[in-house]
Amino acid sequence: MAARALTKGLWGLRHSRLVTVGHPCGGHQYATAASIRSPQLQIDDATEKVINQPLEKPDFFRVSELFSVKDLFDARVHLGHKKGCRHRLMEPYLYGCRLDQDIIDLDQTVEHLQQALNFTAHVAYRGGVILFVSRQRQFGHLVESTAKNCGEYAHTRYWQGGLLTNAPIQYGPGVRLPDLIIFLSTLNNVFQPHVGIRDAAKMNIPTVGVVDSNCNPSLVTYPVPGNDDTPVAVEMYCRLFKMTINRAKDKRRQMELLHGLSAPSTPSS
Amino acid sequence: MAGSRLERFGTVFTRVRDLMRSGVIKPSEKPIWYDVYEAFPPKRDPLHVKPHTRPSTKKQETVPEIFYREDEARAKFYEQYGTGPRPFDLSKSSFVSTCQRFVDKYTELQSHSELDGSALFEETGKALLSEGIVLRRKGAPPVSAESRDPVLELKLTEMLAEQQSVSADSEETTHSTHTP
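Values in this document were obtained by computation on a predicted structure and should not be read as measured data. (Residues numbered from 1 in each chain as written. Chains lettered and ligands numbered in written order. Predicted model: local features only at pLDDT ≥ 70, side-chain atom pairs only at ≥ 80, totals over all residues. Heavy atoms only, no water.)

(A) Inspection of the confidence of the model for chain B at higher detail. Residue and element names in this part refer to chain B. Here chain B averages 82 in pLDDT, and 84% of its residues register 70 or above. Every residue in residues 140–145 scores below 50 in pLDDT, and together they form zero contacts with partners more than four places removed in sequence or on other chains. Interface confidence for the predicted complex, given as ipTM, is 0.79, next to a pTM of 0.78. (pLDDT = per-residue confidence, 0-100. Contact = heavy atoms within 4.5 Å.)

Laid out in structure tokens, this is it:
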């Protein structure tokens, strides 16, 4: 029992280290109340144009070019679970049932994935903190390395009860919560809905989640119906999210240079 | 920062919008994702759906079963020939299995010629044989399987009887040698 407490403490430490290692380009850090800088403090016309211009176009970051229906099919995204495991609320997203195995409608998946990637790109463009969550042991390392490569955060370990809801006490006052949570799998290890979905809805944080045919998509803000168990499919999702986030951040740097702005976190004297 | 932790009422967006409207959340504290959600809302509002606790008696089949016309030919093929001589290689996306070649040939012959049923089946088998694929019929007749066991059993009992008689003889001989 002592060993378990020790490992829990170590996990907490590791999580906080993970949290502080990857800085997004905006320079936001988990910090104490004294050094918090509100991101909207210095708003002038050029900053406002930089921030609001991407919202005018339907696909500013051209995320629809990153994948096609054939890519999803080759990555076996359309394969769901068996008919007995089907969740009632996933029925609208299913194409049909072939010999008792649910087949997910890839036309719908394409639209949902485009919306999800577009939302992620915009949030990353505005310097939002993104958290990747997946409780699947086989993809833990992949998700963590994906988060590290885009400069965002990941949590693939045991989700402690008060992680989001009791954050100021667990991590110190003035902690900044994520602005978007991406679930690579919305179930935990006992095939129940992940606590993070309900917690994110409680803390008014939007979620993007890959929902398989046995998941509950009702509370996920931008669900993406698709296979969450095949390694090829999960690698594809990680690759797509990484590419969109990097694209969005590069675009932000480009736009700032174009309009002759410095980084928004430095205060203007 | 103020917030509303009622995940079962309304969506994330409606709660934040109403909090801002009432003045609880100041415009300077507006979340980053708010404008993005407003510009690109999801297809379905992420409202919480209450699960049905009472067991529902009606079960409507809203998800259709996927069956094709070629499935009849596929079923007959698997019944007669098993999986076929070549194993499936799923690593190639353009892989055509023996069953698929059979079905393609079957549909081709069906559209061209006027044959039907088992005659068409035989014709397809012959056509594939001419292309070089040998189809071996699966399913050994059940009689031979049963007849094997009694033969084995007999052998075992014979062997046991032999062994016993041999050991009895050897005992007798040793006994005879010992007794002067």
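(B) Inspection of the side chain of Thr124 of chain B at higher detail. Within the secondary structure layout, Thr124 of chain B lies in helix H5 (residues 117–131). Beyond its immediate stretch of four places on either side in the chain, Thr124 of chain B contacts Phe102, Lys105, Tyr106 and Leu109 of chain B. (Helix = DSSP H or I, 4+ residues; strand = E, 2+ residues; numbered from the N terminus.)

(C) The interface of chain B and chain A, seen in detail. On the side of chain A, 44 residues touch chain B, which itself brings 38 residues to the contact. Applying the counting criterion to the chain B and chain A interface returns five salt bridges. With a closest N to O distance of 3.2 Å, Glu7 of chain B and Lys202 of chain A form a salt bridge. Here chain B and chain A share 17 residue pairs in polar contact (both at pLDDT 80 or more) between them. Only helix H1 (12–22), helix H2 (33–39) and helix H3 (71–81) of chain B provide two or more residues apiece to the side of chain B that touches chain A. (Salt bridge = Lys/Arg side-chain N within 4 Å of Asp/Glu carboxyl O. Polar contact = N/O pair within 3.5 Å; in protein donor to acceptor, adjacent residues only side chain to side chain.)

(D) How the structure looks around the environment of Arg76 of chain A. Assignment of secondary structure puts Arg76 of chain A in the loop between helix H3 (69–74) and strand S1 (79–82). Not counting chain neighbours up to four residues away, the residues in contact with Arg76 of chain A comprise Asn227, Thr230 and Val232 of chain A.

(E) Here's a closer look at the pattern of salt bridges. Here the structure, examined in full by the defined rule, presents 23 salt bridges over all chains. Notably, a salt bridge pairs Glu256 of chain A with Arg252 of chain A, separated by 2.8 Å at the nearest N-O pair. With Glu256 of chain A and Arg252 of chain A both in helix H8 (residues 231–258) and four residues apart, the pair spans about one turn of that helix. Of the two residues, Glu256 of chain A and Arg252 of chain A, neither departs from the other in class, the shared state being buried. Through salt bridges with shared partners, a single network forms among Lys83 and Asp100 of chain A together with Glu65 of chain B. (Buried < 20%, exposed > 50% of the residue type's maximum accessible area, 1.4 Å probe, protein only.)

(F) Broad picture of unusual backbone geometry. Residues and elements named next belong to chain A. Located in the positive-phi region is Arg62, a residue other than glycine, with phi close to 50°. Relative to the helices and strands, Arg62 resides in the loop between helix H2 (45–52) and H3. Within the chain, Leu99 stands out as a residue other than glycine whose phi angle is a positive 50°. Within the secondary structure, Leu99 is located in the loop between strand S2 (94–98) and strand S3 (101–104).

(G) Examining the sheet that holds S1 of chain A more closely. Residue and element names in this part refer to chain A. The strand order S1-S3-S2 describes an open sheet built from three strands, whose pairing is antiparallel. Because the sheet does not close on itself, it has two edges, and the strands there are S1 and S2. In this sheet, neighbouring strand axes are inclined to one another by 30° on average, regardless of whether the strands run parallel or antiparallel. Where S1 lies against S3, two bridges are found, and the strand directions are antiparallel. Paired with Leu79 across the bridge in S3 is Ile103. (Pairing = 2+ DSSP bridges. Axes fitted to C-alpha atoms, helices over the stretch in contact; angles between N-to-C directions.)

(H) A look at the pairing of strand S7 (residues 207–211) of chain A. Residue and element names in this part refer to chain A. The element S7 is largely enclosed, with a buried count of five among its five residues. Neither face of S7 is exposed, since Thr207, Gly209 and Val211 on one face and Val208 and Val210 on the opposite face are all buried. With three bridges connecting them, strand S6 (residues 180–183) and S7 associate as parallel partners. When the bridges of S7 are listed, Ile182 appears paired with Val208. Between the parallel elements S6 and S7, the chain passes through helix H7 (residues 195–202) in a crossover that is right-handed. Bridge count for S7 against strand S8 (residues 222–225) is four bridges, and the pairing is parallel. Its bridge partner lying in S8, Val210 is registered against Val224. (Right-handed = clockwise from strand over helix to strand, strands pointing away.)

(I) Layout of the sheet that holds S6 of chain A. Residue and element names in this part refer to chain A. Strand order in the open sheet made by the five strands is S5-S4-S6-S7-S8, with parallel pairing throughout. Edge positions in the open sheet fall to strand S5 (153–155) and S8, since each of these has one partner strand only. Averaged over all adjacent pairs, the angle separating strand axes in this sheet is 20°, with direction ignored. Docked against the sheet, H8 engages strand S4 (130–133), S6 and S7, running at close to 175° with respect to S4.

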